Amino acid sequence: MDEDFPRTVLELERRFSREEACIEYLAALRWPGGWVCPRCKMADAWSIRRNRWLCEHCRYEMSVTAGTIFQDTHVPLTIWFRAMWQITSQKNGISALGLQRVLGLGSYKTAWAMLHKLRRAMVRPGRDRLDGVVEVDEAFWGGEEIGVVGRQTEDKALIIIAAEEDGKGIGRIRMHTIPDASSISLHGFIREAIEPGSTVRSDGWRGYLGLDGYVHDRQVQSHQEDGEHLLPRVHRVISLLKRWLLGTHQGAIGQEHLDDYLNEFTFRFNRRRSKSRGKLFYRLAQQAVQVGPAPFATLVKPQPVVPGGVK
Ligand SMILES: [Zn+2]
């Protein structure tokens, strides 16, 4: 299937009005070369009964949603497809309350869980690392607001952000929460997010010292013009992230769930130049059948509310 996606909401409504159409679409995304039995690896003899794939060799049976974020869902796929459309068709995404309203869902909890499951699908397994020149810095979430204000965390969440240099502009980004600003945390993120051999540009913080396998461009400057940043790209990303968290989500985000939101922000940002919103829908659906299930119990952890983070 070559980038087959609905282009308008009307197309979506027409094409995915029945469960069967949604199942067919997901099956084509999940098994582009046809179904292969996960148990005996045979691909030549299978049948479909009540939307379940049955292996004629070993009798293994599975549905297209098994082992995906849609596993065990009580929500019809037609509703999931509309949720994926909502989250990708709007420039800034949608809050759980907004999704509940627009889809007429019975409970806020359902809308919230759907959004979080979809956010899990926004990180592509085995995605590429950033390369070239990459700016890296940390920021806080919680307390008054997000911002780079020293390195004590206490009841704030610490986020590390990487932004590729693309001429004067920004290329791709990566971000993640980290427990502290130690070398172990910073270097761990850098190794995961940035291709070895790349240039890592940071400020003078000692936690960045001793970075093996990278060119370290350490920016230390005692005098700085007002409004001038040594790491302008990463600071631009931080300010956009802050605006998004406080705008679309009114800042109502517990630290426990922050990474899910960072995933969504990154997904959107890295596709900001995409001309078609339908293409984002396609990517999300594709990744949703590639990542594992996220049972509700793993989404709902005790949520310490970030002081000042909830209104
Ligand atoms: Zn089999």
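Cut-off values and rules
- Residues numbered from 1 in each chain as written.
- Predicted model: local features only at pLDDT ≥ 70, side-chain atom pairs only at ≥ 80, totals over all residues.
- Heavy atoms only, no water.
- Donors = N, O, S within 2.8 Å, 3.2 Å for Na, K, Ca; no water.
- Tetrahedral: all angles 85-135°; square planar, octahedral: opposite > 155°, others 65-115°.
- Pairing = 2+ DSSP bridges.
- Helix = DSSP H or I, 4+ residues; strand = E, 2+ residues; numbered from the N terminus.
- Axes fitted to C-alpha atoms, helices over the stretch in contact; angles between N-to-C directions.
- Phe/Tyr/Trp six-rings, centres within 6.5 Å; stacked < 30°, edge-to-face > 60°.
- Buried < 20%, exposed > 50% of the residue type's maximum accessible area, 1.4 Å probe, protein only.
- Contact = heavy atoms within 4.5 Å.
- Parallel < 35°, antiparallel > 145°, perpendicular 65-115°, else oblique.
- Left-handed = near helix turned anticlockwise from the far one by under 90°.
- Nonpolar A, V, L, I, M, F, W, Y, C, P; charged D, E, K, R; others polar.
- Salt bridge = Lys/Arg side-chain N within 4 Å of Asp/Glu carboxyl O.

### Considering the coordination of the zinc ion
Okay, step 1: The protein atoms that coordinate the zinc ion are C37 (SG), C40 (SG), C55 (SG) and C58 (SG), at distances of 2.3 to 2.4 Å.
Okay, step 2: Classification of the site at the zinc ion rests on its four donor atoms, whose angles at the metal span 103 to 115°, yielding the label tetrahedral.
Okay, step 3: Mapped onto the polypeptide sequence, the residues donating to the zinc ion form the spacing pattern C-x2-C-x14-C-x2-C.

### A closer look at the pairing of strand β1 (residues 46-49)
Okay, step 1: As judged from the four bridges shared by β1 and strand β2 (residues 52-55), these two strands associate in the antiparallel manner. Counterpart to W46 in the pairing with β2 is C55.
Okay, step 2: The antiparallel pairing of β1 with β2 creates a hairpin that spans two residues between the two strands, and R50 there sits at a positive phi of about 45°.

### Remarks on the sheet that holds β1
Within a sheet, each strand pairs with its neighbour through backbone hydrogen bonds, oriented either parallel or antiparallel.
Okay, step 1: Across the sheet, three strands lie side by side as β1-β2-β3; this open sheet has antiparallel pairing. The open sheet has two free edges, formed respectively by β1 and β3 (61-63), since each of these has just one partner strand. Strand-to-strand twist in this sheet, taken as the mean axis angle between neighbours without regard to direction, amounts to 25°.
Okay, step 2: By the bridge criterion, three bridges tie β2 to β3 in an arrangement that is antiparallel. Across the sheet, the residue bridging to W53 is M62, located in β3.

### Re the packing of aromatic side chains
Okay, step 1: With the rule as written, the count across this model stands at 15 aromatic pairs.
Okay, step 2: Taking the centre distance of 6.4 Å and the plane angle of 35° together, the rings of F16 and F281 count as tilted. Placement of F16 in the loop between α1 (9-15) and α2 (19-30) and of F281 in helix α9 (residues 277-288) is noted, with a sequence separation of 265 residues between them. In this structure, F16 and F281 share a single accessibility class: buried.
Okay, step 3: For the pair F265 and F269, a centre-to-centre distance of 6.1 Å together with 20° between the ring planes defines the contact as stacked.

### Notes on the sheet that holds strand β8 (residues 215-218)
Okay, step 1: Read across the sheet, five strands follow the order β6-β5-β4-β7-β8 without closing on themselves; strand pairing throughout is mixed. Here the strands that pair on one side only, and so sit at the sheet edges, are β6 (169-178) and β8. Across the sheet, the axes of successive neighbouring strands diverge by a mean angle of 25°, strand direction being ignored.
Okay, step 2: One ladder, built from eight bridges, connects strand β4 (residues 133-141) with strand β5 (residues 157-166); its direction is antiparallel. Residue D137 lies in a different strand from β5, and its bridge partner there is I161.
Okay, step 3: Strand contacts of helix α7 (residues 232-247): β4, β5, β6 and β7 (199-202), with the helix running at about 130° to β5, the strand carrying the most contacts.
Okay, step 4: Running over the sheet, helix α8 (residues 258-270) touches β4, β5 and β6 and is turned about 170° from β6.

### Overview of unusual backbone geometry
Okay, step 1: Residue K41 is not a glycine yet carries a positive backbone phi of 65°.
Okay, step 2: Along the polypeptide, K41 turns up in the loop between α2 and β1.
Okay, step 3: The phi torsion at R59 lies on the positive side, around 70°, for a residue other than glycine.
Okay, step 4: Examined against the element boundaries, R59 turns out to sit in the loop between β2 and β3.

### Remarks on the environment of I87
Okay, step 1: Assignment of secondary structure puts I87 in helix α3 (residues 77-89).
Okay, step 2: The exposure class assigned to I87 is buried, which follows from its relative accessible area of 0%.
Okay, step 3: Residues I87 and L284 lie 197 residues apart in sequence; the distance between their C-alpha atoms is 9.5 Å.
Okay, step 4: Every residue in contact with I87, bar those within four places of it in the chain, is listed here: G93, I94, L115, M122, E264, R268 and L284.

### What about the packing of α3 against helix α5 (residues 108-120)?
Okay, step 1: Two elements in contact, α3 and α5, have axes separated by 11 Å at closest approach and are oriented at 70°. Relative to α5, the element α3 is oriented roughly perpendicular. Along this stretch, α3 crosses α5, giving a crossing that reads as right-handed. Packed against α3, whose contacting residues are I79, W80, A83, M84 and I87, the element α5 presents M114, L115, K117 and L118 at the interface.
Okay, step 2: Classifying every residue of the contact of α3 with α5 by side-chain character gives eight nonpolar, no polar and one charged.

### Structural notes on the pattern of salt bridges
Okay, step 1: Going through the model one piece at a time under the given rule, you end up with 17 salt bridges.
Okay, step 2: Close ionic contact of R233 with E135 constitutes a salt bridge, the shortest N to O distance being 2.8 Å. You can see R233 sitting in helix α7 and its partner E135 sitting in strand β4, a full 98 residues away along the chain.
Okay, step 3: Through salt bridges with shared partners, a single ionic network connects E135, E165, R201, D217 and R233.

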